[in-house]
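# Observations on the model geometry
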Amino acid sequence: MLQSALKTTQNFIAGEFCSGSSQKFFDNLSPVDGSLVSRVAEASEADVDRAVRAAHKALTGTWNTISLGERCDLIRDVANEIGRRFEDFLAAEMADTGKPHSLASVIDIPRGAANFRIFSDIVRYASEHVYHQETADGLGALNYTVRKPKGVIGVISPWNLPLLLMTWKVAPALACGNTVVAKPSEETPSTTALLGEVMNTVGIPAGVFNVVHGFGPGSAGEFLTKHPLVNAITFTGETRTGEAIMKVAATGVRDISSELGGKNASLVFADCDLDKAVAGTVRSAFTNTGQVCLCTERVYVERPIFDEFVGRLKAATEKLRFGPPGEKDTDLGPLISRKHRDKVLSYYRAAVEDGATVVTGGGVPELGDTFGEGAWIQPTIWTGLREDSRVVREEIFGPCCHIQPFDTEEDAVRMANDTQYGLAAVIWTENLGRAHRLAPKMETGIVWVNTWNLRDLRTPFGGAKQSGIGREGGLHSIEFYTETTNICIKN
Ligand code: NAD
Ligand code: 6OD
């Protein structure tokens, strides 16, 4: 029976779908209207152990006896099979997240497939380092490096871009010859479960890719990270969760890559192309209902254009259309859950208590009874907050931003950098000299100039400060997912 034919979402262990030894299930609810999407089988500690042991066994099995070329061919087949089952993945992603068709069909699912395609090529054609060394006897030595898989990789991912972020890690991990135990977010288990079907269809050997469902502490997330046969952990999620996982990973000195929270700033200079800056800020603040780690929550605008920018951003934001995922002209879906909406609304209230001017939004939209049990929320813009307000300092992860005027470049850079986070920044200016001058000063892993979220998958992705450790993407992923051995041969 295919997992996708069931109304239950199963674990995927050693090539088979299974409910789990405890027979415990939890509900996956639609954020659109609160209806039941599926019952999800929660993995017990024994199930996670079985998944990790299957991955460990597969390491020394066929996965590392087939050639690099054959392995990369299989990874490419995964990309093609996701493409063939595009509509299944799309429906599953929209059901779990409520995100619009216009987003899931253009970003989430195509990118989920592209991650396998590109890492198949990158790993297939990656080169090694060679160093010719001088020696006292004049004969010299040749140093060269070889790369080996790290082993069993524990992959833990969040709910905002479920397939995209899961495959961003699974694809390079497998292409490099590792095996994987993946734990998707409890909010969005469906597309990772479908990935299990795809692995079987294309002939990835049993045990190479496993999926366990559940929560963090006291559940599958914790069981996975503390398992001694997990050699490295790659995690995307909240900064506080990243800290907790790092502590666990310290036992056994296991490697960790972490992509964490953000409080990203945009700088809008008076010399920008205002049409582009307004449209770009609508995208950077409200895409996926503000639930992208790269989303802008702080906007700093040069004083001469402040009022005009605020007015135009308000007008553009008020044109965004709410709607169910399947409707083609929907711009904004709900938040991921009622629980997350409670958190975001608590910041909406805090903004008002701190004296914000609510430019637009600030609450819950009236969408009628059909969507009454959903997690809908208005996109919201504030001005007038102090820089030490909680709303300006803490990651909210909702469709909202605070706009603040600045007078000088120095002030703009100082305010943008005055945060514990360091994921991404955007600069809107038509002055090339200014762009080159300021971009390196941003204390972030990523800087965009006159665009947002334009991603070449070969480029390094990750955050500075408390936004993460390490970089993934292209050759940077290979660094994480392999162990390098230097071989020195004396002539
Ligand atoms: P989260 O940290 O609550 O959960 C992420 C995953 O970790 C889930 O699968 C969860 O079950 C698991 N988990 C939770 N506690 C755990 C524990 N103690 N041990 C092991 N696993 C545990 O994050 P979320 O709410 O799912 O996602 C939103 C957060 O993710 C935001 O902070 C956002 O900025 C961040 N994020 C960062 C990036 C990035 O690339 N930097 C990308 C997307 C999201
Ligand atoms: O585009 C990507 O590859 C990527 N890692 C995006 C992350 C978005 C965070 O929410």
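Everything quoted here is computed from the prediction, not taken from an experiment. (Residues numbered from 1 in each chain as written. Chains lettered and ligands numbered in written order. Predicted model: local features only at pLDDT ≥ 70, side-chain atom pairs only at ≥ 80, totals over all residues. Heavy atoms only, no water.)

### Some remarks on the site of ligand 2
As a reminder of what qualifies: Here a residue is considered near a molecule or strand provided that any single heavy atom belonging to it is located within 4 Å of it. Residues adjacent in sequence count toward polar contacts only when both atoms are side-chain atoms; beyond that, a polar contact is any pair of N or O atoms within 3.5 Å, and within protein one must be able to donate a hydrogen and the other to accept it. Using a 1.4 Å probe, accessible areas were evaluated by the Shrake-Rupley method; residue-level cover was limited to the displayed protein chains. Site definitions follow a grid-based scheme: protein atoms alone, a 1 Å grid, a 1.4 Å probe that fits but cannot get out for cavities, and for pockets an open set with protein on both sides within 12 Å along at least five of seven lines, plus lining residues having an atom within 4 Å of a point. Being in a pocket or cavity means that more than half of the molecule's atoms lie within 2 Å of its grid points. Working definition: helices are DSSP H or I runs of at least four residues, strands are E runs of at least two. Numbering for both runs from the N terminus. Residues were grouped as follows: Ala, Val, Leu, Ile, Met, Phe, Trp, Tyr, Cys and Pro as nonpolar; Asp, Glu, Lys and Arg as charged; and all remaining residues, including Gly, as polar.
Arg111, Asn160, Leu161, Leu164, Leu165, Trp168, Val292, Cys293, Arg455 and Phe461 make up every residue found near ligand 2. Contact distances for ligand 2 include 2.7 Å between an oxygen atom and a backbone N or O atom of cysteine 293. Between ligand 2 and arginine 455 there is a distance of 3.1 Å, counted from an oxygen atom to a side-chain nitrogen or oxygen. Protein coverage of the free-state accessible area of ligand 2, which is 300 Å², stands at 98%. The cavity that encloses ligand 2 is the second largest pocket. The greatest single-element share of the shell around ligand 2, amounting to three residues, is contributed by helix H5 (residues 162-175). In terms of residue class, the shell around ligand 2 is built from seven nonpolar, one polar and two charged.

### Comments concerning empty space enclosed by the protein
The line we're drawing: Grid points are joined across faces, edges and corners, and a volume is the space filled by probe spheres set on the points. Domain extents, as shown, originate in an automatic or database domain assignment.
Within this structure, the stated rule accounts for three cavities of 30 Å³ or more. Here the largest cavity defines a volume of roughly 80 Å³. Breaking the lining of the largest cavity down by element, the ones donating at least two residues are strand E13 (264-268), helix H13 (409-417), strand E18 (421-422) and strand E19 (424-428). For the lining of the largest cavity, the class distribution of residues is seven nonpolar, five polar and four charged. Around the second largest cavity, the lining residues are Thr97, Lys99, Pro100, Trp159, Asn160, Asn288, Thr289, Gln291, Gly333, Pro334, Leu335 and Ile336. For the lining of the second largest cavity, the two domains that each supply at least three residues are domain 1 (8-260 + 467-490) and domain 2 (264-459).

### Description of the site of ligand 1
Taken together, the neighbourhood of ligand 1 is formed by 29 residues, with Ser157, Glu186, Thr241, Leu260 and Glu395 sitting nearest. Between glutamate 238 and ligand 1, the recorded distance is 2.9 Å, taken from a backbone N or O atom to an oxygen atom. Threonine 241 places a side-chain nitrogen or oxygen 2.7 Å from an oxygen atom of ligand 1. Contact with the protein chains hides 91% of the accessible area of ligand 1, taken as 850 Å² for the molecule alone. Here ligand 1 is seated within the largest pocket.

### A look at the layout of surface pockets
Approximately 1200 Å³ is the volume attributed to the largest pocket. Among the elements that take part in the lining of the largest pocket, helix H8 (residues 239-250) stands out by supplying five residues, more than any other. Residue composition of the lining of the largest pocket, by class: 20 nonpolar, 16 polar and 13 charged. What lines the second largest pocket is a set of 28 residues, among which Leu103, Ile107, Thr287, Trp452 and Asn453 lie closest to the centre. Looking at the lining of the second largest pocket, the elements that each hand over two or more residues are helix H4 (101-125), H5 and helix H9 (274-286).

### As for the packing of helix H3 (residues 86-97) against H4
Counted only if it meets this: Under this scheme, a helix contributes an axis fitted over its contacting stretch, all axes are lines through C-alpha atoms, and angles between N-to-C directions fall in the 0 to 180 degree range. The cut-offs work like this: below 35 degrees is roughly parallel, past 145 is roughly antiparallel, 65 to 115 is roughly perpendicular, and the gaps in between are oblique. Put simply, a crossing is left-handed when the front helix is turned counterclockwise from the back one by less than a right angle, and right-handed when it is turned clockwise. In what follows, a contact means two residues having at least one pair of non-hydrogen atoms within 4.5 Å.
Two numbers describe how H3 lies on H4: the axes approach to 10 Å, and their chain directions differ by 120 degrees. Accordingly, the angle class assigned to the pair H3 and H4 is oblique. Our pair here, H3 against H4, has a crossing hand that is right-handed. Listed contacts from H4 to Phe86, Phe89, Leu90, Glu93 and Met94 of H3 are His101, Ala104, Ser105, Asp108, Ile109 and Pro110. Split into classes, the residues belonging to the contact of H3 with H4 amount to seven nonpolar, two polar and two charged.

### Quick look at the environment of alanine 175
We apply this condition: Between buried and exposed lies partly exposed: a residue is buried under 20% and exposed over 50% of the maximum accessible area for its type, with that area taken using a 1.4 Å probe on protein chains only.
Structurally, the position occupied by alanine 175 is in helix H5. On the basis of relative accessible area, alanine 175 is assigned to the buried category, the value being 0%. Distance in space between the C-alpha atoms of alanine 175 and isoleucine 478 is 9.1 Å, their sequence separation being 303 residues. Among all residues touching alanine 175, those that are not within four sequence positions of it are Leu68, Arg71, Ile75, Phe119 and Val123.

### Some thoughts on the sheet that holds strand E23 (residues 482-490)
Put simply, the test is: DSSP-based pairing: two strands are paired if at least 2 bridges between them are found.
Read across the open sheet, the three strands follow the order E6-E7-E23; overall the sheet is antiparallel. Taken across any chain shown, the strands that pair with only one partner, and hence form the sheet edges, are strand E6 (130-133) and E23. Pairwise comparison of adjacent strand axes, ignoring direction, gives a mean angle of 25 degrees for this sheet.

### Describing the sheet that holds E19
Either a parallel or an antiparallel arrangement is found when strands of a sheet pair, and the pairing is made through backbone hydrogen bonds. Pairing is mixed in the open sheet, where seven strands are placed in the order E15-E16-E17-E14-E13-E19-E20. Among the strands making up the open sheet, the edge pair consists of strand E15 (357-360) and strand E20 (446-449). Strand-to-strand twist across the sheet, computed as the mean angle between neighbouring axes with direction ignored, equals 25 degrees. Pairing geometry for E13 and strand E14 (residues 296-302), over five bridges, is parallel. Bridge pairing in E14 links asparagine 264 to threonine 296. Here H9 sits on the sheet in contact with E13, E14, strand E16 (380-383), strand E17 (400-406) and E19, set at roughly 165 degrees to E19. Against the sheet, H13 engages E13, E14 and E17, with an angle of about 150 degrees to E17.

Just geometry here; none of it tells us what the structure is for.
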